[in-house]
Amino acid sequence: MRNEKFDELMKWRNCLTQYAKDYLKENDSKTDARVKEAVLVDSIYYLIKSKGEEFAIFTEELHDENKYDDKVEPKVLIPTIVNVYSYYLFDQNHVESVTKNSFMTNYTEQFDPNIGANVLIDFINYILERNECDKRFTIKVLYEKYNELKHESEIKELREFLELTGKFSEKIKKGISIDEIYDEIKEEHFLKHETPNRTYYYKRPLKEKGQIVMTGEDAEKVDTELEALSYALAKSNTNLKSKRKTVEKRIARMKGRK
């Protein structure tokens, strides 16, 4: 039985791919066709990846005879592409992203980031026009959207961090040792160990990727929890010590920030 999330994200992939196919047929700008194709492919890949899956899309697919009928409701599609692509342009280096993911496009050359941004903004506006939406975006407006989203994200992250800190502070007050709390975090996240430079390793490789080193969201969650634990200890009036050097270093660093 197929996974519902897989099917949903495949629908997104196919929907955006069809928009890209139509856009390339109807767009007559003088921008290098290979740059346009590479940016479109990479940005679609980025959007799906931001939703938790990595579905490759290849340049050849933008010119084949396949026609995808998958649709995503405009009220969901439009705010998603605006939000995700604002991050793609201003929080990522989209030129590096394109060259890094050249396995999908065979495009490895450097190009002007403004050209790439214009391609993507033109593509967003094309989708808006196709869905009879009167609004249009410019680089300036998309940058303002990025700053708005980033601020909201930072506030949310701070709130979550303080909630975690409060949770660990309560455990410390109850007399639970640092290492007991640390072991709970390890158990919850299948963490084997961490290195002084904050690289995290799984207890066992992920089945689907054979991956041992934690990356992405998994690593971020572990790092946030260990930082929150260190902060809770640094601001407490206890002299609790950990047997783990990495934890002690975190606590010392947090105390230095106070």
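Residues numbered from 1 in each chain as written. Predicted model: local features only at pLDDT ≥ 70, side-chain atom pairs only at ≥ 80, totals over all residues. Heavy atoms only, no water.

### Structural notes on helix α6 (residues 139–173)
As a reminder of what qualifies: Secondary structure elements follow DSSP: runs of H or I of four or more residues count as helices, runs of E of two or more count as strands, with numbering from the N terminus. Multiplying 1.5 Å by the helix residue count minus one yields the expected span of that helix. Buried, partly exposed and exposed residues are distinguished by accessible area as a fraction of the type maximum, computed with a 1.4 Å probe on protein chains only: under 20%, between the cut-offs, and over 50%, respectively. In what follows, a contact means two residues having at least one pair of non-hydrogen atoms within 4.5 Å.
Compared with the 51 Å implied by 1.5 Å per residue over 35 residues, the 50 Å span of α6 between its first and last C-alpha is a close match. Of the residues making up α6, those classed as buried are L142, Y146, L149, F161, L164, T165, F168, S169 and I172. Along its buried surface, α6 packs onto α3 (74–90), α5 (113–130), α7 (178–188) and α8 (216–235). Trailing α6 by a residue or two, G175 shows a phi angle of about 90 degrees, which is positive.

### Here we look at the pattern of salt bridges
Keep this limit in mind: Salt bridges are defined as contacts in which a side-chain nitrogen from Lys or Arg sits within 4 Å of a carboxyl oxygen from Asp or Glu.
Evaluation of the coordinates by the stated rule reveals 13 salt bridges. Of the charged contacts, one joins K145 and E148 as a salt bridge, the two residues approaching to 3.6 Å between their closest N and O atoms. You can see K145 and its partner E148 sitting in helix α6, three residues apart, about one turn around the helix. By relative accessible area, K145 is classed as partly exposed at 22%. Between R198 and D223 there is a salt bridge, with the nearest N and O atoms lying 2.8 Å from each other. In this pair, R198 sits in the loop between β1 (191–194) and β2 (200–206) while D223 sits in helix α8, placing the two residues 25 residues apart along the sequence. Relative accessible area serves as the criterion here: at 32%, R198 is assigned to the partly exposed category. Residue D223 is classed as buried on the basis of its relative accessible area of 18%.

### Quick look at the state of the cysteines
Simply put, the disulfide is a covalent bond whose two ends are the sulfur atoms of two cysteines. Worth spelling out the cut-off: Two cysteine sulfur atoms form a disulfide, by the criterion used here, when they sit within 2.5 Å.
All chains considered together, the criterion is met by zero disulfides. In this structure C15 is a free cysteine whose sulfur lies 15 Å from that of C133, the closest cysteine sulfur available.

### Observations concerning the packing of aromatic side chains
Geometry of an aromatic ring pair is reported as the spacing of the ring centres plus the angle between the planes. So the rule is basically this: What counts as a ring pair is set by centres within 6.5 Å for rings of Phe, Tyr and Trp (its six-membered ring), and what kind of pair is set by the plane angle: stacked under 30 degrees, edge-to-face over 60, tilted for all other angles. Definition used: whenever NZ (Lys) or CZ (Arg) falls within 6 Å of the ring centre and also within 35 degrees of the ring normal, the charge is taken to sit over that ring.
In total, this model carries 13 aromatic pairs according to the counting rule given. A network of ring pairs unites the aromatic residues Y87, F90, Y143 and Y146 as a single cluster. Positioned over the ring face of W12 is K51, at 4.4 Å from the centre of the ring. Here the guanidinium or amino end of K135 rests over the ring plane of F137, the centre of that ring lying 5.2 Å away.

### With respect to α3
Along its 17 residues, α3 runs 24 Å from first to last C-alpha, staying within 8% of the 24 Å computed at 1.5 Å per residue. For α3, every residue scored as buried is listed here: L77, I78, T80, I81, V82, V84, Y85, S86, Y88 and L89. Looking at the buried residues of α3, the elements they touch are α1 (4–26), α2 (33–50), α4 (94–100), α5 and α6.

### A few points about unusual backbone geometry
Residue N106 is not a glycine yet carries a positive backbone phi of 60 degrees. Its place among the elements puts N106 in the loop between α4 and α5. A positive phi angle is found at F190, which is not glycine, with a value near 55 degrees. By the secondary structure assignment, F190 is in the loop between α7 and β1.

### Re the confidence of the model for the protein
The cut-off we apply is this: As a per-residue quantity, pLDDT reports the predictor's confidence and falls between 0 and 100.
Predicted confidence across the protein gives a mean pLDDT of 87, with 91% of residues reaching 70 or more. Confidence, read as mean pLDDT per element, is least for helix α9 (residues 245–257) in the protein (69) and greatest for α5 (95).

### A short note on the nonpolar core
Our working definition: What is meant by a nonpolar core is a set of buried Ala, Val, Leu, Ile, Met, Phe, Trp, Tyr and Cys residues, joined one to another through side-chain atoms within 4.5 Å.
With 46 residues, the main nonpolar core has L16, I81 and Y85 as its most contacted residues. Among the secondary structure elements, those contributing two or more residues to this core are α1, α2, α3, α4 and α5. Here the element with the most residues in this core is α2; it accounts for 10 residues. Filtering out sequence-adjacent residues up to four positions away, L16 remains in contact with I44, L47, L77, I81, Y85, F123 and I127.

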